[in-house]
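Architecture and fold: a report
Below are the chains, spelled out letter by letter.
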Amino acid sequence: MVKPALNSESLRQRLKIKHLSSQTLLFAHHPHVKRLIASGVLASSLLVGPAQSTITHASLPLPAMNDVALVSSFDLHEAIKHQLVAVLPTTVQPLNESQESDISKKLHDIYGLHASATLEGNKLNTSYGLIGLEQNLPRFPGDNRPNTTPGRGAWGYWTYSARDLTEKMVQQEKYYVAVQTLYLPDWNTRLAYLRDWYKYRKVALVNPKNGKIIVAVVADSGPAAFTGKHFGGSPEVMNYLQMKDGKQRGPVVLFFVDDPSDEVPLGPLEKNLEKGPLLLAGGH
Amino acid sequence: MKVFYSHLVIVDDVIKELSAWEIPDIERDEMHKLIEETLHHHTLNVILNHLPAGRHQEFLDIFEKSPESSELMAILKKEIQTDIESAIKTQSERIKKEILLEIRRSKKS
């Protein structure tokens, strides 16, 4: 009987992508297993039925690990989540320089993002703290959307007229955070400089519980220390990070994004910025 | 060569599906290799995600020397509170399902 035909080249390519994806995911989570792959332990050990050929792995023109993008946002989230487990303390507390540096490297390796706890000599009192839900901020006088604070944010209105509201302003308010600038040790002595430096400063927030990461801007000051929280997040930020534990708060890593050319988009980060589009959509 | 979890990651159904199609032998062999290694990667990922980081080195040392050793599963059962065999099976079934779908998608129309 004649067997039906298959587009073998297409299948081969699909299987290669799956293979590459699984290897990338494994190495991202557990880089110490590379030696097993190299030693051949994981080769030809499951198939016991059909005759095996002696085809070698070298015949597959797979790119090197460092040239590969992770495969889906799920994989990215899982990768950073597992990496952070090894770095973060079990309780929310300020991180030491080694921990912060380690996290910066992981954010770059996995997301292609340049982010750090200290930027241009500026540093918050903590880069790992509890974030709570904030309301929307009024972008201009009379901006009466539901769930909007009656007062302005720490840096005032974005504009004084709805007609002058730009898409950039809309995005900044949509993805904003509040940080405790008022408790910085040099806030009062360097007020003019720090006020300008923090205004709409781009930050990246990671929920270590699910690995979700979002880029936002600093647009308000707070919350007050007595709340026990260290950061505040807009409804969109909190919704994406899935901070829905009933108390509307949870632990988060917050780093400054080093983005002098303003190229990193605000909002959820679901790809590696330096490695381009995902290799494989879906699958999880 | 077998590994200690071979009995949990059964690939016969994938191989059977692949054998039903007309594929040059050399490509079929390459596909077999890709499929089995993909399953290995995912299985090892599941195992190491569950195993406490402090035990990874010991586990990997034994795995490298004796991949079929029953001591490996004993370590997993001792160190992991959840049902690791079930987790391995579930993940491998999920990946196999994806691979089977890829094979069917590649049917020439």
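Residues numbered from 1 in each chain as written. Chains lettered and ligands numbered in written order. Predicted model: local features only at pLDDT ≥ 70, side-chain atom pairs only at ≥ 80, totals over all residues.

In this section: the overall build of chain B. Looking only at helices and strands, one finds five helices and zero strands in chain B. Secondary structure elements of chain B, listed N to C terminal, follow the sequence α-α-α-α-α. With 109 residues in all, chain B has 36% of them scored as buried. By sequence separation, contacts in chain B at least 24 residues apart represent 78% of the contacts at least 6 residues apart. (Helix = DSSP H or I, 4+ residues; strand = E, 2+ residues; numbered from the N terminus. Buried ≥ 20, exposed ≤ 12 C-beta atoms within 10 Å, placed from the backbone. Contact = placed C-beta atoms within 7 Å.)

Attention now moves to helix α1 (residues 12-19) of chain B. Residue and element names in this part refer to chain B. Of the residues making up α1, those classed as buried are V14, I15 and L18. All buried residues of α1 fall inside an arc of 95° around its axis, so they share one side. Turned more than 90 degrees away from the buried face of α1, the exposed residues are D12 and K16. Where α1 is buried, its residues touch α2 (25-50) and α5 (84-105). (Arc of directions from axis to C-beta.)

Taking 1.5 Å per residue as the helical rise, α2(B) with its 26 residues ought to reach 38 Å, and the 38 Å between its terminal C-alpha atoms agrees with that figure. Here α2(B) lies mainly inside the structure; 19 of its 26 residues are buried. (Expected span 1.5 Å × (residues − 1).)

Axis separation between helix α1 (residues 8-29) of chain A and α2(B) bottoms out at 9 Å; the angle between their running directions is 25°. Here α1(A) lies roughly parallel to α2(B), going by the angle between them. Pair α1(A) / α2(B) crosses with left-handed handedness. Among the residues forming the contact of α1(A) with α2(B), the class breakdown is nine nonpolar, ten polar and six charged. (Axes fitted to C-alpha atoms, helices over the stretch in contact; angles between N-to-C directions. Parallel < 35°, antiparallel > 145°, perpendicular 65-115°, else oblique. Left-handed = near helix turned anticlockwise from the far one by under 90°. Nonpolar A, V, L, I, M, F, W, Y, C, P; charged D, E, K, R; others polar.)

Counting residues in hydrophobic clusters, the biggest one holds 79 residues, and the most contacted among them are V177(A), V203(A), A204(A), L205(A), I214(A) and A216(A). Those residues within four positions of V203(A) in sequence are excluded, and the remaining contacts are V177(A), A216(A), V218(A), L254(A), F255(A), F256(A) and V257(A). (Core = buried A, V, L, I, M, F, W, Y, C linked by C-beta atoms within 7 Å.)

Okay, the environment of E93(B) next. For E93(B), the location among the structural elements is in helix α5. Separated by 85 residues in sequence, E93(B) and L8(B) place their C-alpha atoms 9.6 Å apart.

So, on to the pairing of strand β9 (residues 249-257) of chain A. All names here are of chain A. Within β9, eight of the nine residues are buried, which leaves it mostly tucked inside the rest of the structure. Alignment of strand β6 (residues 202-206) against β9, held across four bridges, turns out to be antiparallel. By the bridge assignment, A204 is partnered in β9 with F255. (Pairing = 2+ DSSP bridges.)

Once that is clear, we can look at the confidence of the model for chain A. Residues and elements named next belong to chain A. Scored by pLDDT, chain A comes out at a mean of 82, with 82% of its residues at no less than 70. Within chain A, the element-level pLDDT minimum falls on helix α2 (residues 34-39), averaging 68, and the maximum on β6, averaging 98. Long-range and interchain partners of residues 44-70, a stretch whose pLDDT sits below 50, account for 49 contacts in this model, where long-range means more than four residues apart. Within the model, the stretch residues 277-284 combines pLDDT values under 50 with 21 contacts to residues more than four positions away or in other chains. (pLDDT = per-residue confidence, 0-100.)

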